[in-house]
Amino acid sequence: MTIDTRPGFWQALGFCIGLLAMAGAMSSETAVGADEGSYPLIAATVPPDPGATAAPATQPTRQPDLAPAPVPRPGATNLLEACWGPQDLRGRPGERKSRGLRPPDHRPPEYQDPETPPGAMPPVPARSLRSVTPTKGEKLIALTFDLCEQADEITGYDGELVDTLRAHGVNATFYAGGKWMQSHPERTMQLMADPRFELGNHAWTHGNLRVLQGAEMENQIRWTQAEYERLRDQLLALPCAAPLAASKAPPRSPRTFRFPYGTCNKESLDAVVAAGLYPVQWNIVTGDPAKGQTAARIVNTVMSQLKPGSIVVAHGNGRGWHTAEALKTLIPALLKQGYRFVTVSELLQAGNPVTAEQCYEVREGDNLRYDKLFGKGTQ
Ligand SMILES: [Zn+2]
């Protein structure tokens, strides 16, 4: 087959993190073609304002798809139970699919300035977290799922994956793009309201923060913080949330950040830290964006590279292949070995951070070519 090198092609494949990790398991041609055909380019039903890229938003963003309970559900002990029943939480058919947006939506969000002052996680080094060494030797593991969304797409929600985590009572962290939160308001509020989950910042439109500079780079971070705060306010204002809003509120803002494409430089590391966020990468790559990936290979990768304090990267926006299926084997296997599932913030509290000056996928320098391939990365 011919490898297409057009700038939009790679993004259309749904590339996030992990194709590179597959390179050892398959030829590069197979890896490139792995996601072909998985991304239906359907015209957008919500046409964005093409002239509003640099101007402040003058119109409300998309209407939320809200369907929480009108009053608190009886016996609820947290916001999730108070506002949504099992039927509302369950993944819906077709929800996993992504669709294209033409023209791309580069509009800023309705609110662009987070109210929360930086400094939520002191002391934060301007380095990238790879894993944590638990001080008490405890077998801890942080599963993380990226919710990536660029300007020219609306990505999905992997309901089966989230349902599986909930069914097993597993704590996990979701790195949500700001625009993903905007286009999935109800799912975002459900993730926020779930006491087992934590939301981190995954940039506004999946920008490559090693290429973006100045305000364009900083907006990727800031707008996402602001969108989280907007939806948190919206969640707490729901009538069903009222009795528990004071005692069970989610954190005021995300505390950790994941670089799209796993790429950073000194300027972007400094900007993330200045925003009060901990830069978080991983030490185990599932490779789940590659269509050729299998559940068995994901399980094998995690189990063979596992150590206490590991951070695993996978995807929850429907671009992960067999991720949920792998979890159904992985979770019992990890529990059997005595592992406990924690969020990234919980992991950071439990040990000493293992950090790196550079951002890389598996070894230093392995993602430098992404700058040429993806440019600004936002599409
Ligand atoms: Zn991503």
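Residues numbered from 1 in each chain as written. Predicted model: local features only at pLDDT ≥ 70, side-chain atom pairs only at ≥ 80, totals over all residues.

Talk me through the overall build of the protein; I want residue IDs and the actual numbers.
Scanning the protein for helices and strands turns up 14 helices and 12 strands. With 379 residues in all, the protein has 51% of them scored as buried. Within the protein, residue pairs in contact and separated by at least 24 positions form 86% of the contacts whose partners lie at least 6 positions apart. (Helix = DSSP H or I, 4+ residues; strand = E, 2+ residues; numbered from the N terminus. Buried ≥ 20, exposed ≤ 12 C-beta atoms within 10 Å, placed from the backbone. Contact = placed C-beta atoms within 7 Å.)

Got a sec to walk through the packing of helix α11 (residues 295-305) against helix α12 (residues 323-336)? Specific residues and values, please.
Here α11 crosses α12 at 40 degrees, and the two axes come no closer than 8 Å. As summarised for this structure, α11 and α12 are arranged oblique, according to the angle between their axes. Our pair here, α11 against α12, has a crossing hand that is right-handed. Here Ala-295, Ile-298, Val-299, Val-302 and Met-303 of α11 come into contact with α12, specifically with Thr-323, Glu-325, Ala-326, Thr-329, Leu-330 and Ala-333. (Axes fitted to C-alpha atoms, helices over the stretch in contact; angles between N-to-C directions. Parallel < 35°, antiparallel > 145°, perpendicular 65-115°, else oblique. Left-handed = near helix turned anticlockwise from the far one by under 90°.)

Describe the nonpolar core, with residues and values.
Formed by 82 residues in total, the largest nonpolar core has its most connected members in Cys-83, Phe-174 and Val-312. In terms of residues, this core owes the most to one element, helix α9 (residues 214-236), which gives 7 residues. Ignoring sequence-local partners within four residues, the contact set of Phe-174 consists of Phe-145, Leu-147, Leu-191, Phe-197, Leu-199 and Gly-316. (Core = buried A, V, L, I, M, F, W, Y, C linked by C-beta atoms within 7 Å.)

Which residues make up the pairing of strand β10 (residues 310-315), and what values do they have?
Across the 6 residues of β10, 6 count as buried, placing the element largely inside the fold. Residues Ser-310, Val-312 and Ala-314 of β10 are buried on one face, and the alternating residues Ile-311, Val-313 and His-315, pointing to the opposite face, are buried as well. Two strands pair when backbone bridges link them, and strand β3 (residues 140-147) and β10 are joined in this way by 6 bridges, in the parallel orientation. Each residue of the ladder has a partner; that of Leu-143, found in β10, is Val-312. Of the strand pairs in this sheet, strand β9 (residues 284-285) and β10 are connected by 2 bridges, and their pairing is parallel. Paired with Val-285 across the strands is Val-313, a residue of β10. In this view, the connection linking β9 to its parallel neighbour β10 by way of α11 has right-handed handedness. (Pairing = 2+ DSSP bridges. Right-handed = clockwise from strand over helix to strand, strands pointing away.)

Lay out the environment of Val-362 in plain terms, naming residues and giving numbers.
Looking at the element boundaries, Val-362 is found in the loop between β12 (351-356) and α14 (370-374). Sequence separation between Val-362 and Asn-283 is 79 residues; the distance between their C-alpha atoms is 7.3 Å.

Any chance you could break down the environment of Ala-226 for me, citing the residues and the numbers?
With respect to the helices and strands, Ala-226 occurs in helix α9. Through-space distance from the C-alpha of Ala-226 to that of Thr-116 is 8.8 Å; in sequence the pair is 110 residues apart. When neighbours within four sequence positions are excluded, Ala-226 is seen to be in contact with Pro-109, Tyr-111, Gln-112, Asp-113 and Pro-114.

Give me unusual backbone geometry: which residues, what numbers.
Apart from glycine, the bulk of residues carry a negative phi angle, and the bulk of peptide bonds sit in the trans form. For the bond running from Arg-102 to Pro-103, omega is -5 degrees, close enough to zero to count as cis. Its place among the elements puts Pro-103 in the loop between β1 (99-100) and β2 (128-134). Unusually for a residue other than glycine, Tyr-261 sits at a positive phi of about 65 degrees. Checked against the element boundaries, Tyr-261 lands in the loop between β7 (256-257) and α10 (266-274).

How would you summarise α11 if you had to cite specific residues and measurements?
Considered for burial, the residues of α11 that qualify are Ile-298, Val-299, Thr-301 and Val-302. Buried residues in α11, looked at end-on, bunch into an arc of 160 degrees, giving them a common side. Away from its buried face, by an angle of more than 90 degrees, α11 presents the exposed residues Ala-296 and Ser-304. Contacts made by the buried residues of α11 are with β9, β10 and α12. (Arc of directions from axis to C-beta.)

I'd love a proper account of the packing of α9 against α10, names of residues and values included.
Running from N to C, α9 and α10 cross one another at 35 degrees; their axes reach a closest spacing of 10 Å. Relative to α10, α9 is oriented so that their crossing is right-handed. Across the interface between the two elements, Met-217, Glu-218 and Ile-221 of α9 pack against Ser-268, Ala-271 and Val-272 of α10. Residues of the contact of α9 with α10, tallied by class, amount to 4 nonpolar, 1 polar and 1 charged. (Nonpolar A, V, L, I, M, F, W, Y, C, P; charged D, E, K, R; others polar.)

Lay out α10 in plain terms, naming residues and giving numbers.
Taken together, the buried positions of α10 are occupied by Ser-268, Leu-269, Ala-271, Val-272 and Val-273. The inward-facing, buried residues of α10 abut β2, α9, β7 and β8 (278-279). Of the residues one or two after α10, Gly-276 is the one with positive phi, at around 85 degrees.

Break down the confidence of the model for the protein for me, citing the residues and quoting the values.
Detailed reading of the predicted model is not advised wherever pLDDT is low. Predicted confidence across the protein gives a mean pLDDT of 85, with 81% of residues reaching 70 or more. Contacts from residues 21-64, a stretch scored under 50 in pLDDT, to residues over four places away or in other chains number 67 contacts. (pLDDT = per-residue confidence, 0-100.)

I'd like a description of the environment of Val-71, backed by residues and values.
With respect to the helices and strands, the residue Val-71 is situated in the loop between α3 (28-33) and α4 (79-83). With 169 residues separating them in the primary sequence, Val-71 and Cys-240 have C-alpha atoms 4.3 Å apart. Once residues lying within four places of it in the same chain are set aside, the contact partners of Val-71 are Pro-239 and Cys-240.

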